[in-house]
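# A structural walkthrough
Listed here are the chains, written in short residue letters.
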Amino acid sequence: QQVEAEVVTFSVPSYACQRRTTLENHNTVLTDALSLLAENAELSDEDGRGVAFRRAAAVLRSLPEPVTDMKQLRGLPCLGDHSLRVIKDILEDGASREFESTKQSERFKALKVLTGIFGVGSRTADRWIREGIHTLQQLRDSGQSLNRAQQAGLEHYDDLNRPLTAAEAEAVGEIVERAVVSVLPGAQITLTGGFRRGKLTGHDVDFLITHPDEGREEGLMSKVVSWLESQGFLLYQKTTRNSYLESKDGPARPPANMDRFERCFSIFKLTMEERRGTEQPENGERNPNPAEDTLSVGARSGSQTDENTPPQSQVPADERRHRVSGEDGGQEEAKPAAHKPWRAVRVDLVVSPISQFAFALLGWTGSKLFERELRRWAGHEKAMSLSSHALYDNTQVNTSQSVFRHFIAALSFCSVKIL
Ligand code: CTP
Ligand code: MN
Ligand code: MN
Ligand code: MN
């Protein structure tokens, strides 16, 4: 009788925020499968199942070597029956039937394509799919009414679905910096989101803006947006004002998973010149009046960008279709993208008062799962409520500042740098 080969087992803390996870992943086949199933669940409005798959994928991503045997998974946290079944199928049969069939399914493919449009969420995509719309061309031909965000999203679809490089993020950062120092000298901008975490590519660029003197940041966003607009840098923007103080349950206890900072979801026009610093593009081509290309912004007070609000459109179908196919009458579409001397880039700007800056920076650095886990850990293990605005000791009143010092110490568990 043979002695059973020794199996490496791993020891992993239960909360993602307690683990050091590098960009190196030894289990990509497993994590790709679980991530796709998570995405499918999220796109199908099954958030609970989505989180379960995300947590399982994150555990496997943190392991120091490839998993080859189910026995290695004994005692690992966050691996539910469903995730274990998927892992087992891949380890033992080389493939997961559920993963393969989900990936190939017409519904999943259509959800991916349609929610790939900026401004389109899972509910809108689901409605369109039920009306037989599965592709961008079918959407264009359908005469569906699109809100302003969705029009911009469709128009710049290819650019917005092409990953951004760190160099492009840096170029955007220089533009935002110029805007901010022009309208409020002394204001500070900080790169957040995936690029702050050291990711090499991203779907957008995120910035947090503040001023060292409390209160000076008020009114800053509209000035920054006006400056960017006047320089022709904005293809689209929607600003939401700060609602922290006026909300009925704030400032006492903001909900854990959303913040109320003044923010701007935007699409930048990044020219080749900006991407290469001050260098001129080879063909020397330059639009003498870049502002002419920008969409009109802010004129329609009732314009909607939110997935939650139903789109409204009084525009006749014919005109709508014209607008949907682009303001250039379709000529732009015929040109290969490589010859276009600029690209559209999604940019998120957030303004925080300095007193909430640390929380805002922590909250906007991500990842989404990390933030969720950090808040869960704070609540369940430390009896504290963490948001992007504040940290409360649930057993005390009005102690957010002192509590934060404790929390910084506790964060040594986590691979978080605050400042
Ligand atoms: N965030 C938030 N509220 C939002 C949107 C984002 O608090 N309405 C925070 C989340 O913590 C998120 C971070 O901002 O992790 C960055 O969001 P996002 O840009 O969507 O994700 P990234 O991690 O930057 O990844 P990507 O490269 O896809 O942009
Ligand atoms: Mn981002
Ligand atoms: Mn993202
Ligand atoms: Mn973002």
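Below or above, wherever it landed, is the structure these notes cover. (Residues numbered from 1 in each chain as written. Chains lettered and ligands numbered in written order. Predicted model: local features only at pLDDT ≥ 70, side-chain atom pairs only at ≥ 80, totals over all residues. Heavy atoms only, no water.)

### Some remarks on the site of ligand 1
Rule in force here: Neighbouring residues are identified by heavy atoms, a residue being near a molecule or strand if any of them is within 4 Å of it. Polar contact criterion, stated in full: a pair of N or O atoms within 3.5 Å, where within protein one must be able to donate a hydrogen and the other to accept it, and residues adjacent in sequence count only if both atoms are side-chain atoms. Methods summary: accessible areas were calculated by the Shrake-Rupley approach with a probe of 1.4 Å, and residue burial reflects only the protein chains presented. What counts as a helix is a DSSP run of H or I of at least four residues, what counts as a strand is a run of E of at least two, and both are numbered from the N terminus. Only Asp, Glu, Lys and Arg are considered charged, only Ala, Val, Leu, Ile, Met, Phe, Trp, Tyr, Cys and Pro nonpolar, and every remaining residue, Gly among them, polar. In this document the domain limits rely on a domain assignment from an automatic tool or a database.
Residues in contact with ligand 1 amount to 16 residues; listed here are only the nearest, Gly-194, His-203, Asp-204, Gly-363 and Lys-368. At a separation of 2.6 Å, an oxygen atom of ligand 1 approaches a polar side-chain atom of His-203. Coverage of ligand 1 by the protein amounts to 78% of the 580 Å² it exposes when considered alone. Those elements that place two or more of their residues in the shell around ligand 1 are helix H11 (193-196), helix H16 (357-365) and helix H17 (368-382). Partitioned by chemical class, the residues of the shell around ligand 1 number 1 nonpolar, 7 polar and 8 charged. When residues of the shell around ligand 1 are assigned to domains, at least three fall in each of domain 3 (160-282 + 290-298 + 319-351) and domain 4 (363-413).

### Focus on the sheet that holds strand E6 (residues 262-271)
The criterion, for reference: Two strands pair under a simple rule: DSSP has to find at least two bridges between them. Only the stretch in contact is used when fitting a helix axis, every axis being a line fitted to C-alpha atoms; angles between N-to-C directions are given from 0 to 180 degrees. Contacts are assigned to residue pairs that have any heavy atoms within 4.5 Å of one another.
Strands sit in the order E2-E4-E7-E6-E5 across an open sheet of 5 strands; the sheet is mixed. Bordering the open sheet on either side are strand E2 (188-192) and strand E5 (234-240), each of which pairs with just one other strand. Between one strand axis and the next, the sheet turns by 25° as a mean value, whatever way the strands run. For E6 and strand E7 (residues 342-351), the ladder comprises 10 bridges, and the chain directions are antiparallel. In the sheet register, Lys-269 faces E7, and the bridge partner there is Ala-344. Helix H12 (residues 220-230) contacts strand E4 (205-210), E5, E6 and E7 of the sheet and is inclined by roughly 170° relative to E5.

### As for the pairing of E6
Keep this limit in mind: To sort residues, take the accessible area from a 1.4 Å probe on protein chains only and compare it with the maximum for the residue type: under 20% means buried, over 50% means exposed, and anything in between is partly exposed.
With 8 of its 10 residues buried, E6 lies for the most part within the structure. Taken together, the 6 bridges between E5 and E6 define a ladder with antiparallel strand orientation. Opposite Gln-237, over in E6, you have Ser-266 as the bridge partner.

### What about the side chain of Gln-237?
Summarising the element assignment, Gln-237 is placed in strand E5. Judged by relative accessible area, which is 9%, Gln-237 ranks as buried. Engagement of the side chain of Gln-237 in a polar contact is seen with the side chain of Thr-239, the distance being 2.7 Å.

### Some thoughts on unusual backbone geometry
Across the junction of Gly-366 and Ser-367, the peptide omega takes the value -5°, indicating a cis bond. Residue placement: Ser-367 occurs in the loop between H16 and H17. Its identity as a non-glycine residue notwithstanding, Cys-78 has a phi of 65°, on the positive side. Mapped onto the elements, Cys-78 comes out in the loop between helix H2 (47-61) and helix H3 (81-93).

### Here's the deal with the coordination of the manganese ion (ligand 2)
How we decide: Metal donors were taken as nitrogen, oxygen and sulfur atoms no farther than 2.8 Å from the ion, or 3.2 Å where the ion is Na, K or Ca. Water is excluded, so coordination may look unfinished.
Within the first shell, the manganese ion (ligand 2) binds the protein through Asp-204 (OD) and Asp-206 (OD), at distances of 2.0 to 2.1 Å. In this model, the manganese ion (ligand 2) sits 5.2 Å from the manganese ion (ligand 3). Of the two residues examined, Asp-204 and Asp-206, each falls in the buried class.

### What to know about helix H6 (residues 122-130)
All buried positions along H6 are accounted for by Ser-122, Thr-124, Ala-125, Asp-126, Trp-128 and Ile-129. Among the structural elements, helix H1 (28-43), helix H5 (106-115), helix H7 (136-142) and helix H8 (148-155) are those in contact with the buried residues of H6. Once H6 ends, the next one or two residues include Gly-132, with phi positive near 90°.

### Re the packing of H1 against H3
Inclusion rule: An angle below 35 degrees is read as roughly parallel, one above 145 as roughly antiparallel, one from 65 to 115 as roughly perpendicular, and any other as oblique. Should the near helix be turned counterclockwise from the far one by less than a right angle, the crossing is left-handed, whereas a clockwise turn marks it as right-handed.
Running from amino to carboxyl end, H1 crosses H3 at an angle of 140°, the nearest separation of the two axes being 10 Å. When the interaxial angle is binned, H1 and H3 end up oblique. The two elements H1 and H3 cross, and the hand of that crossing is right-handed. Only Ser-83, Val-86, Ile-87, Ile-90 and Leu-91 of H3 make contact with H1, whose side of the interface consists of Val-29, Leu-30, Ala-33, Leu-34 and Leu-37.

### Notes on the pairing of E7
The buried count for E7 comes to 10 of 10 residues, which makes it a mostly enclosed element. Covered by surrounding structure in E7 are Trp-342, Ala-344, Arg-346, Asp-348 and Val-350 together with Arg-343, Val-345, Val-347, Leu-349 and Val-351, the residues of both alternating faces. Relative to E7, E4 runs parallel, the two sharing 5 bridges. Residue pairing across strands places Asp-206 opposite Asp-348, the latter belonging to E7.

### Looking at the packing of aromatic side chains
The line we're drawing: In this scheme Phe, Tyr and Trp rings, the latter by its six-membered ring, pair at centre separations within 6.5 Å, and the angle between planes marks the pair as stacked below 30 degrees, edge-to-face above 60, and tilted otherwise.
Counted by the stated rule, this structure contains 2 aromatic pairs. A ring pair is formed by Phe-118 and Tyr-236, whose centres lie 5.4 Å apart and whose planes are at 75°; its orientation type is edge-to-face. Taken as a pair, Phe-118 in the loop between H5 and H6 and Tyr-236 in strand E5 lie far apart in primary sequence, 118 residues in all. Exposure remark for Tyr-236: the relative accessible area of 1% places this residue in the buried category. Ring geometry for Trp-227 and Phe-233: centres 6.3 Å apart, planes at 20°, overall stacked. Note on Trp-227: relative accessible area 16%, which makes it buried. Judged by its relative accessible area of 6%, Phe-233 falls in the buried class.

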